[in-house]
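Results of the structural survey
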Amino acid sequence: DFPLRRVSRLHGCLSEQDVLEVCDDYDRERNEYFFDRHSEAFGFIMLYVRHGHLRFVPHMCELSFYNEMIYWGLEGSHLDYCCQRRLDDRMSETCTYYAAEEPKGGPEGKGRRPPGAEGRKWLERMRRTFEEPTSSVAAQVLATVSILFVIVSMVVLCASTLPEWRAPENRSVEEQSRYTAESVREPSGIIEAICIGWFTAECIVRFIVSKNKCEFVRRPLNIIDLLAITPYYISVLMTVFTGENSQLQRAGVTLRVLRMMRIFWVIKLARHFIGLQTLGLTLKRCYREMVMLLVFICVAMAIFSALSQLLENGLDLGTKNKDYASIPAACWWVIISMTTVGYGDMCPITVPGRILGGICVVSGIVLLALPITFIYHSFVQCYHELKFRSARYSRSLSAEFLN
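Since the structure is predicted, the reported quantities are computational estimates derived from the model, not experimental observations.

**Considerations on a nonpolar patch on the surface**
Residues Phe273, Leu276, Leu279, Leu283, Phe379 and Tyr383 make up a contiguous nonpolar surface patch of about 520 Å² in total accessible area. With three residues, the top contributor of residues to the nonpolar patch is helix α13 (residues 274–285). Mapped onto the elements of the fold, leucine 279 is located in helix α13. For leucine 279, a relative accessible area of 44% translates into the label partly exposed.

What follows is the structure, given as structure tokens:
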């Protein structure tokens, strides 16, 4: 029942070699065991053995003391409640996701290597090249090229919505089908095909070198890549199969929708910019706060929309505001009022309605501000984590330049 599992293991040691696997040194003459650990922290741990209360050492880092606890065989649950909260806060502030370290070959690693070690090392380097833009010179070059392709594709997408580019939409069905088939051979179509080819090749290579294929498919950024690439091939297949058939006229709207889905390519920049990664990681960690914010808005919207519809249109006060003819119509006014946007397309005209509008605006400011503090702190924490990770790979990049 002794809580320190490392010390308890000494009872089962049958030889001096077994003892040295548990402790750092052993004096046979004096029968003493030496552990190269923090002596003051061990004193507090022994107080827990004697009295049953475990607290942090004053003026000592909580994580350092926690490492001492793990070494001796204790867990965070052995701490008193107040110290458990301190440890949780400290760990949440310094939580960092470390990527897998590549095994560094030392003097002992120059001999025989296990079968397939070279292949695994090559795959690991390829994976880091595509996943971590700051991990090597090749990764930075690849990231730069990918960013250029994203920018070019966005410029082409924006230019395609200009009136000069949209002129062929008024053609007949036969002309439209012929134009759609020939658009691939135009400069914009060639640029789009080149960008799609690059994104497709990049996605395929990243899938091949990934460690876990199922995990790769489930990642949000990879799903976005798939949503950005697939519409192009669908639109090409629809154009090929419809030909000059009248079905192309019905498929025109679908093609335009699919082409507009290329806007998802902008999100590909999240692979190369810490700001977008921080935003995504913050939304992932603060989904509870985001849900709470939506609940606040929905509850307030239900209350104020019903009251505004009643005061502006439901009561027979001589003046009826047609903009508030129904509660769903009033919900739009509540949303733009709570978010302090105020388009002015609809507004209350009765005195009770204006008073309710003022209360709605003030309530919106208060309700929206309540969860913002939690989201802000999470955003700062995520930014420091990703910045630390990027600096960690930058150090390896600097070493590559020196070599």
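Structure shown, so let's carry the discussion forward.
**Looking at the confidence of the model for the chain**
Should the pLDDT be low somewhere, the predicted coordinates at that spot are not to be read in detail. For the chain, the average pLDDT comes to 76, and 77% of its residues sit at 70 or higher. Segment residues 168–185 is flagged for pLDDT under 50; beyond a separation of four residues in sequence, or across chains, it makes 22 contacts in the model. Every residue in residues 396–403 scores below 50 in pLDDT, and together they form eleven contacts with partners more than four places removed in sequence or on other chains.

**With respect to empty space enclosed by the protein**
Taken as a whole, this structure holds one cavity of 30 Å³ or more when the rule is applied. Here the largest cavity is characterised by a volume of approximately 50 Å³. What lines the largest cavity is simply Thr129, Phe130, Glu132, Pro133, Ala139, Leu142, Ala143, Ser146, Glu202 and His272. Among the elements of the structure, α6 (117–131) and α7 (137–159) are those that each provide at least two residues to the lining of the largest cavity. Considering each element in turn, the lining of the largest cavity owes the most residues, four residues, to α7. Its residues assigned to classes, the lining of the largest cavity comprises five nonpolar, three polar and two charged.

**As for the nonpolar core**
Grouped together as the largest cluster of nonpolar side chains are 24 residues, with contacts concentrated most on Ile45, Leu54, Phe65, Met69, Leu74 and Leu79. Here this core takes five residues from helix α4 (residues 62–72), the largest share from any one element. Excluding residues that lie within four positions of it along the chain, leucine 74 makes contacts with Pro3, Leu4, Ile45, Tyr48, Leu54 and Met69. Counting residues in hydrophobic clusters, the runner-up holds 14 residues, among them Ile147, Met154, Leu157 and Trp265.

**Observations concerning α13**
The end-to-end C-alpha separation of α13 is 16 Å, in line with the 16 Å expected for twelve residues at 1.5 Å each. Within α13, the full set of buried residues consists of Thr278, Leu281 and Thr282. Buried residues of α13, viewed axially, fall in a sector of 105 degrees; they line one side.

**Details of the environment of tyrosine 232**
Mapped onto the fold, tyrosine 232 is located in helix α11 (residues 220–242). Taking relative accessible area as the criterion, tyrosine 232 reaches 14% and is therefore assigned buried. Taking the C-alpha atoms as reference points, tyrosine 232 and arginine 262, separated by 30 residues in sequence, lie 8.2 Å from one another. Apart from the residues lying within four places of it in its own chain, the contact partners of tyrosine 232 are Glu192, Ala193 and Ile196.

**Overview of the packing of helix α15 (residues 327–338) against helix α16 (residues 351–369)**
Orientation of α15 relative to α16, taken along the N-to-C sense of each, is 55 degrees, at an axis distance of 8 Å. Relative to α16, α15 is oriented oblique. By crossing handedness, the relation of α15 to α16 is classed as right-handed. Along its contact with α15, which presents Trp333, Val334, Ser337 and Met338, the element α16 presents Gly357, Cys360, Val361, Gly364, Ile365, Leu367 and Leu368. Counted by class, the contact of α15 with α16 contains eight nonpolar, three polar and no charged residues.

**Details of the packing of helix α14 (residues 287–314) against α16**
When two helices pack together, their arrangement is captured by the angle between the axes and the distance separating the axes. One way to put it is that α14 packs onto α16 with a least axis distance of 10 Å and a crossing angle of 175 degrees. Classed by the angle they form, the pair α14 and α16 counts as roughly antiparallel. Along its contact with α14, which presents Leu293, Phe296, Ile297, Ala300, Phe304, Leu307, Ser308, Leu311 and Glu312, the element α16 presents Pro352, Gly353, Leu356, Ile359, Cys360, Ser363, Leu367 and Leu368.

**Observations concerning the side chain of glutamate 62**
With respect to the helices, strands and loops of the structure, glutamate 62 is situated in helix α4. On the basis of relative accessible area, glutamate 62 is assigned to the buried category, the value being 15%. Polar contacts involving the side chain of glutamate 62 include one to the side chain of arginine 86, which spans 2.7 Å. Filtering out sequence-adjacent residues up to four positions away, glutamate 62 remains in contact with Phe56, Arg86, Leu87 and Arg90.

Cut-offs applied
- Residues numbered from 1 in each chain as written.
- Predicted model: local features only at pLDDT ≥ 70, side-chain atom pairs only at ≥ 80, totals over all residues.
- Heavy atoms only, no water.
- Patch = residues over 30% accessible without salt bridge, like charges linked within 9 Å, V, L, I, M, F, W, Y side chains within 5 Å.
- Areas by Shrake-Rupley, 256 points an atom, 1.4 Å probe, with all protein chains shown as cover.
- Salt bridge = Lys/Arg side-chain N within 4 Å of Asp/Glu carboxyl O.
- Helix = DSSP H or I, 4+ residues; strand = E, 2+ residues; numbered from the N terminus.
- Buried < 20%, exposed > 50% of the residue type's maximum accessible area, 1.4 Å probe, protein only.
- pLDDT = per-residue confidence, 0-100.
- Contact = heavy atoms within 4.5 Å.
- 1 Å grid on protein atoms, 1.4 Å probe; cavity = no way out; pocket = protein on both sides within 12 Å on 5 of 7 lines; lining within 4 Å.
- Points joined across faces, edges and corners; volume = space filled by probe spheres on them.
- Nonpolar A, V, L, I, M, F, W, Y, C, P; charged D, E, K, R; others polar.
- Core = buried A, V, L, I, M, F, W, Y, C linked by side-chain atoms within 4.5 Å.
- Expected span 1.5 Å × (residues − 1).
- Arc of directions from axis to C-beta.
- Axes fitted to C-alpha atoms, helices over the stretch in contact; angles between N-to-C directions.
- Parallel < 35°, antiparallel > 145°, perpendicular 65-115°, else oblique.
- Left-handed = near helix turned anticlockwise from the far one by under 90°.
- Polar contact = N/O pair within 3.5 Å; in protein donor to acceptor, adjacent residues only side chain to side chain.

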